[in-house]
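Architecture at a glance
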Amino acid sequence: MRRRSSASSARKRSVSPCRTELSAVRVTRTVRRDWRRGMEVALGLVAAAILLGLMLTTVADVVGRYLLGRSLRGAFELTELALVVLIFAGLPLTSAANQHVTMDFIDTWLSRPNLLRWRRAANLLASVLIGALAVATALKAEKIAAYADTTDILRIPVAPFVYLMAVATLVTALVHLGKCLLGERKPEHGSADPEGNV
């Protein structure tokens, strides 16, 4: 009995490093999944609130114009600024979910390992280009803040919205950089989406 127990304990000791490694991988995957879900929920709530605000602004403008003979003051400016926030809040989500418009005519010519390398290279290029856009947008925001530019009617400062554009663009660049460094799930050969979505 003692020999059996010592043999079983030796087996447990030899298996424990593998179990530790597997648990570490599971924890890493869980953290990545939770971070992505948190970002999706936060940005999704922002987008939903903006859509609701756009809808209410449009309804108030139409009702005021046709029933009361007086349109909502600055409705066009509010719509413009809300659309800026909506589009740039959705940009990191679109990149994270692989929902950009893609052309997969090259994918059919590549084997699966080469396809994964190609996607890493594409994400690296996207990260560099979008990061450059983020820097250019941040520099533009600084100029706008220095001039203290505002909208014509409501006098809303424009610089915070341009800074938001720069931050959202930077987050998008980081999403693509993360895909380049960490990789994505193995794609089905010839599919446009590494996660198997069409």
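Residues numbered from 1 in each chain as written. Predicted model: local features only at pLDDT ≥ 70, side-chain atom pairs only at ≥ 80, totals over all residues. Heavy atoms only, no water.

Concerning unusual backbone geometry
Our working definition: Put simply, DSSP H or I for four residues or longer makes a helix, DSSP E for two residues or longer makes a strand, and each gets a number counted from the N terminus. Burial status follows relative accessibility: with a 1.4 Å probe on protein chains alone, a residue under 20% of its type maximum counts as buried, one over 50% as exposed, and anything between as partly exposed.
For Ala-148, which is not glycine, the phi dihedral falls at a positive 55°. Residue position: Ala-148 is located in the loop between helix 3 (112–147) and helix 4 (159–182). The exposure class assigned to Ala-148 is exposed, which follows from its relative accessible area of 56%. Although it is not a glycine, Arg-155 sits at a positive phi angle of roughly 55°. Relative to the assigned elements, Arg-155 resides in the loop between helix 3 and helix 4.

Some details on the packing of helix 3 against helix 4
Spelled out, the test is: To get an axis, fit a line to the C-alpha atoms, keeping to the stretch in contact for a helix; angles then go from 0 to 180 degrees between the N-to-C directions. Here roughly perpendicular refers to angles of 65 to 115 degrees, roughly parallel to angles under 35, roughly antiparallel to angles over 145, and oblique to all remaining angles. Helix crossings fall into two classes, left-handed where the near helix is turned counterclockwise from the far one by less than a right angle and right-handed where it is turned clockwise. When residue character is reported, Ala, Val, Leu, Ile, Met, Phe, Trp, Tyr, Cys and Pro are called nonpolar, Asp, Glu, Lys and Arg charged, and the others, Gly included, polar.
Closest axis-to-axis distance for the helix 3/helix 4 pair is 8 Å, and the angle between their directions is 165°. By the angle between their directions, the pair helix 3 and helix 4 is classed as roughly antiparallel. The chirality of how helix 3 crosses helix 4 is left-handed. Residue composition of the contact of helix 3 with helix 4, by class: 20 nonpolar, seven polar and four charged.

Considering the side chain of His-176
Worth spelling out the cut-off: Contacts between residues were defined by any pair of non-hydrogen atoms, one from each residue, lying within 4.5 Å.
Locating His-176 in the fold gives a position in helix 4. His-176 gets classed as buried once you look at its relative accessible area, which sits at 9%. Non-local contacts of His-176, meaning those with residues more than four positions away in its chain, are made with Ser-95, His-100, Asn-123, Ala-126, Ser-127 and Ile-130.

Side note on the confidence of the model for the chain
What counts is decided by this rule: For every residue, the predictor reports its confidence as pLDDT, a number between 0 and 100.
In this model, the chain carries a mean pLDDT of 77, and residues with pLDDT of at least 70 account for 73%. Within the chain, helix 4 carries the highest mean pLDDT (91), whereas helix 1 (residues 2–66) carries the lowest (68). Contacts from residues 186–198, a stretch scored under 50 in pLDDT, to residues over four places away or in other chains number 36 contacts.

A few points about the environment of Thr-172
Put simply, the rule reads: Residues adjacent in sequence count toward polar contacts only when both atoms are side-chain atoms; beyond that, a polar contact is any pair of N or O atoms within 3.5 Å, and within protein one must be able to donate a hydrogen and the other to accept it.
Considering the arrangement of structural elements, one finds Thr-172 in helix 4. On the basis of relative accessibility, which here comes to 1%, the residue Thr-172 falls in the buried class. Apart from residues lying up to four places away in sequence, Thr-172 is in contact with Leu-91, Pro-92, Ser-95 and Ile-130. At 2.8 Å, the side chain of Thr-172 and the backbone oxygen of Ala-168 are in polar contact.

So, helix 3
The criterion, for reference: Multiplying one less than the number of residues by 1.5 Å gives the expected span of a helix.
Look at helix 3: 52 Å from first C-alpha to last across 36 residues, which is about the 52 Å you get at 1.5 Å a residue. Within helix 3, burial applies to Leu-115, Arg-119, Asn-123, Ala-126, Ser-127, Ile-130, Gly-131, Ala-134, Thr-137, Ala-141 and Ile-144. Check the buried side of helix 3 and you find it contacts helix 4. Looking one or two residues past helix 3, Ala-148 carries a phi angle of roughly 55°, positive in sign.

Re the environment of Glu-80
Its location among the elements puts Glu-80 in helix 2 (residues 75–96). When its relative accessible area of 42% is taken as the criterion, Glu-80 is described as partly exposed. The spatial distance from the C-alpha of Glu-80 to the C-alpha of Leu-54 is 9.6 Å, given a sequence separation of 26 residues.

Considerations on helix 2
The line we're drawing: The angle between axes fitted to the seven-residue stretch ending at a residue and the seven-residue stretch beginning at it gives the bend at that residue.
For helix 2, built from 22 residues, the straight-helix expectation of 32 Å at 1.5 Å per residue is met to within 8% by its first-to-last C-alpha distance of 32 Å. Residue Gly-90 marks the point of greatest curvature in helix 2, where the axis turns by about 25°; the proline Pro-92 follows within four residues. Every buried residue belonging to helix 2 is among Ala-75, Glu-77, Leu-81, Ala-82, Val-85, Leu-86, Ala-89, Gly-90, Pro-92, Leu-93, Ser-95 and Ala-96, and all of these are buried.

Quick notes on the packing of helix 2 against helix 4
To describe two helices that pack against each other, one gives the angle between their axes and the distance between the axes. Closest axis-to-axis distance for the helix 2/helix 4 pair is 8 Å, and the angle between their directions is 10°. The angle between helix 2 and helix 4 falls in the class roughly parallel. From helix 2, Leu-81, Val-84, Val-85, Phe-88, Leu-91, Pro-92, Ser-95 and Ala-96 reach across to helix 4, where they touch Phe-161, Leu-164, Met-165, Ala-168, Thr-169, Val-171, Thr-172, Val-175, His-176 and Lys-179. Its residues placed into classes, the contact of helix 2 with helix 4 shows 13 nonpolar, four polar and one charged.

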